[in-house]
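# Architecture and fold: a report
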Amino acid sequence: MRQVRSQGIDPNGRPRSAGALSPVPNKNPRVARKAQTASKIIVSAFHQPTAGGERKSPPRPRRLARRRTEAEPSQQDTDVTPPQIPQQNRKPSHHRMAPPPRHLLLLPVLLLVSLLRAAQMETVHAAAGEGDRDEGARALLALLQRVQSEALRALGPRDFDPKLYVDLPLAPGADRAAAEAALATVTTRGEMEAFLARYFARAGSDLVEADPPDFEAEPRGFLPRVASGEARAWALQVHALWKDLARRVAPSVAARPDRHTLLPLPGRVVVPGSRFREVYYWDSYWVVRGLLVSKMYDTAKDIVLNLVYLVEEYGFVLNGARSYYTNRSQPPLLSSMVLELYTATGDLGLVRRAFPSLLKEHSFWVSELHNVEIMDNHGRLHNLSRYQAMWNKPRPESATIDEELASKLNSTAAKEKLYHQIASAAESGWDFSSRWMSNSTDMTTLVTTFVIPVDLNTFICKMERDIAVFAELIGEKATAELFSQASKARHTAIESLLWNSEMEQWLDYWLPTDGNCQGPYKWESKSQNHNIFASNFVPLWLNAHNSGLGPFLDEAKSVRVMRSLQTSGLVCPAGIATSVSNTGQQWDFPNGWAPLQHLIAEGLLNSGSTEAKEFAEDIATRWVRTNYAAYKSSGAMHEKYDVEACGKSGGGGEYKPQTGFGWSNGVLLAFLEELGWSHDKEIGCPS
């Protein structure tokens with residue numbers, strides 16, 4: 001079997017990075033001690049026997065310096081089942097290790113000064129007190145997972161949402177130990193309801209309403225290109241939803257973290273809505289875009305600084321602001337938020353404040369936890385990134401669902417592998433989709449960590465471009481040049497390894513695991529996933545955000561990609577579908593999602609082609625109309641929409657459809673800001 005290299009951890013307990021490394025050791029023994037298990041999960045998940053049957057151990061892992069609040073997983077060596085793209089065969093390949101590109105070798109040296117500044121921002125906590133709090137937080141989460149399991153048994157599966165139970169804070173005066181003892185006596189629905197009322201406060205009650213001080217009912221300069229009275233009236237209603245979604249974390253969360261799974265944040269937050277009661281990472285980008293349209297610059301800045309705070313505390317932006325999300329991130333868009341806010345306000349202080357955290361986040365995403373080396377057909381070595389969570393247990397927020405799925409598997413090792421792939425798919429934001437499955441009808445075939453995603457590498461390429469711009473702004477010339485070169489190298493890698501000239505799309509690349517190659521993967525055309533997903537077109541987005549480094553695509557190529565999209569089967573009456581396969585997963589057909597509409601349309605809009613601009617406007621028009629029709633019929637903005645019919649909300653997945661909704665609101669306002677709406681243009685569904 002092919003051995004995948006272990007995830008490197010440097011002597012300071014940080015992920016080894018092809019990018020920046022901090023030379024300052026982490027002085028918090030709690031952080032170092034708790035992080036050991038995370039690296040063990042990754043090493044064990046990829047620990048393979050050799051072709052001769054003898055197990056060959058990867059390099060001994062060191063400590064991954066990051067805060068952890070979940071219960072620590074037990075782990076044993078496991079074998080990885082080779083992922084297979086349906087109807088494609090793979091052959092092992094053997095190549096000597098090629099040296100990394102020169103710009104990656106230089107990166108640690110040239111970023112030393114910048115990262116010393118980042119290291120100075122890390123807070124050193126008292127080990128004993130923090131250790132007690134962490135023990136209490138882990139004990140609470142363990143209790144809540146037991147409550148979740150017992151609630152399912154007592155209340156039944158109908159309308160059961162497992163996330164509700166791990167979001168419960170302890171009630172004032174309630175004692176965790178007493179709750180643990182009382183839970184053992186609960187057997188009936190009535191007893192469970194009484195137990196929950198006695199020992200726990202309402203989920204979400206540790207977030208308090210916070211009217212944003214920068215909210216105005218009709219801001220000056222709001223949507224100047226929207227001439228339609230009907231469209232403007234509706235847009236103002238959507239604008240007003242920011243007040244409904246604005247919160248602050250209650251002071252009790254920071255004072256007693258052992259009584260909450262919610263994490264403290266320094267500023268105001270805007271939540272997505274419904275069951276999503278806390279901040280989420282990649283949602284926040286489109287929330288920020290919408291807030292900027294609403295002229296709510298201070299609230300947008302608070303959101304960005306909250307995410308910066310998470311990087312300072314954990315080394316990366318968490319999936320969400322809950323203790324059970326500290327094992328994974330989400331698509332990295334923090335630099336994009338900083339750039340949008342700087343462009344709107346000229347706030348150079350924000351750039352300086354965020355810059356060390358952006359370097360730290362980049363280091364996380366190019367560390368060996370996520371980095372993959374692939375050699376192309378010309379012998380050139382490229383580095384791209386993948387999703388990989390630091391977890392191999394059921395997700396606490398969906399533990400009963402994960403356990404039911406894993407019950408199909410016979411061994412503990414197989415279940416841990418599945419849990420690792422599930423958590424990694426959640427890190428992608430596309431949870432769940434046939435995109436990550438070798439068999440689209442069977443979720444136990446998830447192989448997320450063996451997929452090199454088009455969109456993730458697009459976001460990191462954008463991050464590198466953004467950091468180059470920020471470095472130039474604050475006078476870090478060497479860093480600016482370095483990240484400019486890093487972005488160009490990733491651009492080359494995307495074009496060399498993911499571009500498919502026959503389909504005129506970028507395709508995810510699937511890594512093989514058969515063989516015993518000690519060097520980089522050897523690129524093979526058949527390892528591209530030829531199935532069609534909206535993510536195949538996300539690199540168009542870089543047309544809109546070249547950061548002064550030149551266009552990602554020339555106009556002619558953008559037009560070819562546009563025509564490929566037009567004939568792909570993704571374009572539907574109400575927008576762009578996520579895939580062309582109806583699997584019942586929410587990130588598949590027929591669902592359309594606001595972020596994907598915006599990424600693709602904004603890229604086409606800025607391609608330089610009149611034809612592409614008209615097509616972008618058509619996509620946006622379809623999306624605006626379906627949002628409007630659904631709002632008029634339901635009184636709400638929705639998380640996702642069924643793009644087969646105008647005005648229909650989406651479905652599928654592991655939870656009921658949600659409303660609110662942060663990123664849908666943001667994309668709608670961004671489209672209206674960018675494209676306007678004429679007074680004679682129909683806002684409702686076409687007849």
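Given the structure is predicted, the values throughout are model-derived calculations rather than measurements. (Residues numbered from 1 in each chain as written. Predicted model: local features only at pLDDT ≥ 70, side-chain atom pairs only at ≥ 80, totals over all residues. Heavy atoms only, no water.)

## Let's talk about the side chain of Gln330
- On the secondary structure map, Gln330 appears in the loop between helix 11 (297-314) and helix 12 (334-345).
- For Gln330, a relative accessible area of 6% corresponds to the buried category.
- Of the polar contacts made by the side chain of Gln330, one reaches the backbone nitrogen of Tyr281; its length is 3.3 Å.
- Engagement of the side chain of Gln330 in a polar contact is seen with the backbone nitrogen of Trp282, the distance being 3.1 Å. (Helix = DSSP H or I, 4+ residues; strand = E, 2+ residues; numbered from the N terminus. Buried < 20%, exposed > 50% of the residue type's maximum accessible area, 1.4 Å probe, protein only. Polar contact = N/O pair within 3.5 Å; in protein donor to acceptor, adjacent residues only side chain to side chain.)

## Regarding unusual backbone geometry
- Following Asp431, the chain continues into Phe432 via a peptide bond in cis, with omega recorded as 10°.
- Mapping Phe432 onto the fold places it in the loop between helix 15 (412-427) and strand 6 (451-452).
- Cis geometry is found at the peptide bond from Phe589 to Pro590, where omega equals 5°.
- Looking at the secondary structure, you find Pro590 in the loop between strand 12 (575-576) and strand 13 (591-592).
- Backbone geometry places Asp159, a non-glycine residue, at a positive phi of 55°.
- Topologically, Asp159 is positioned in the loop between helix 4 (127-155) and helix 5 (162-166).
- Positive phi, normally seen in glycine, also occurs at Glu504, with a value near 60°.

## Remarks on the packing of aromatic side chains
- Applying the stated rule across the entire model yields 29 aromatic pairs.
- Here the aromatic rings of Trp234 and Tyr631 are separated by 6.3 Å at their centres, their planes lie at 55°, and the arrangement is tilted. Placement of the pair is Trp234 in helix 8 (residues 229-245) and Tyr631 in helix 20 (residues 610-634), with a sequence separation of 397 residues. Of the two residues examined, Trp234 and Tyr631, each falls in the buried class.
- Consider the rings of Tyr387 and Trp436, whose centres lie 6.3 Å apart with planes at 85°: the pair is edge-to-face. Placement of the pair is Tyr387 in the loop between strand 5 (381-385) and helix 14 (399-406) and Trp436 in the loop between helix 15 and strand 6, with a sequence separation of 49 residues. (Phe/Tyr/Trp six-rings, centres within 6.5 Å; stacked < 30°, edge-to-face > 60°.)

## Description of the packing of helix 11 against helix 13 (residues 348-366)
- The geometry of helix 11 relative to helix 13 is characterised by a closest axis approach of 9 Å and an angle of 40° between their N-to-C directions. On the basis of the axis angle, helix 11 is oblique to helix 13. Judged by the twist between their axes, the crossing of helix 11 over helix 13 is left-handed. Between helix 11, through Lys301, Val304, Leu305, Val308, Val311 and Glu312, and helix 13, the contact on the second element is made entirely by Leu350, Arg353, Ala354, Ser357, Lys360 and Glu361.
- Of the residues belonging to the contact of helix 11 with helix 13, the class tally is six nonpolar, one polar and five charged. (Axes fitted to C-alpha atoms, helices over the stretch in contact; angles between N-to-C directions. Parallel < 35°, antiparallel > 145°, perpendicular 65-115°, else oblique. Left-handed = near helix turned anticlockwise from the far one by under 90°. Contact = heavy atoms within 4.5 Å. Nonpolar A, V, L, I, M, F, W, Y, C, P; charged D, E, K, R; others polar.)

## Regarding helix 19 (residues 594-605)
- In this model, helix 19 (12 residues) spans 16 Å end to end at C-alpha, consistent with the 16 Å of a helix rising 1.5 Å per residue.
- Along helix 19, 12 of the 12 residues are buried, which leaves the element largely enclosed by surrounding structure.
- Of the residues making up helix 19, those classed as buried are Ala594, Pro595, Leu596, Gln597, His598, Leu599, Ile600, Ala601, Glu602, Gly603, Leu604 and Leu605. (Expected span 1.5 Å × (residues − 1).)

## What to know about helix 20
- Its 25 residues place the ends of helix 20 36 Å apart at the C-alpha level, agreeing with the 36 Å of an ideal helix rising 1.5 Å per residue.
- For helix 20, the N-terminal cap is Ser609; the gap from its side-chain oxygen to the backbone nitrogen of Glu611 is 3.2 Å.
- Two residues or fewer after helix 20 comes Gly635, characterised by a positive phi angle close to 75°.

## Looking at the pattern of salt bridges
- Under the definition given, this model contains 34 salt bridges.
- Between Arg176 and Glu180 there is a salt bridge, with its nearest N and O atoms 3.7 Å apart. On the criterion of helical spacing, the pair formed by Arg176 and Glu180 is a turn pair, its members being four residues apart in helix 6 (residues 176-183).
- Residue Glu180 is classed as partly exposed on the basis of its relative accessible area, which comes to 27%. (Salt bridge = Lys/Arg side-chain N within 4 Å of Asp/Glu carboxyl O.)

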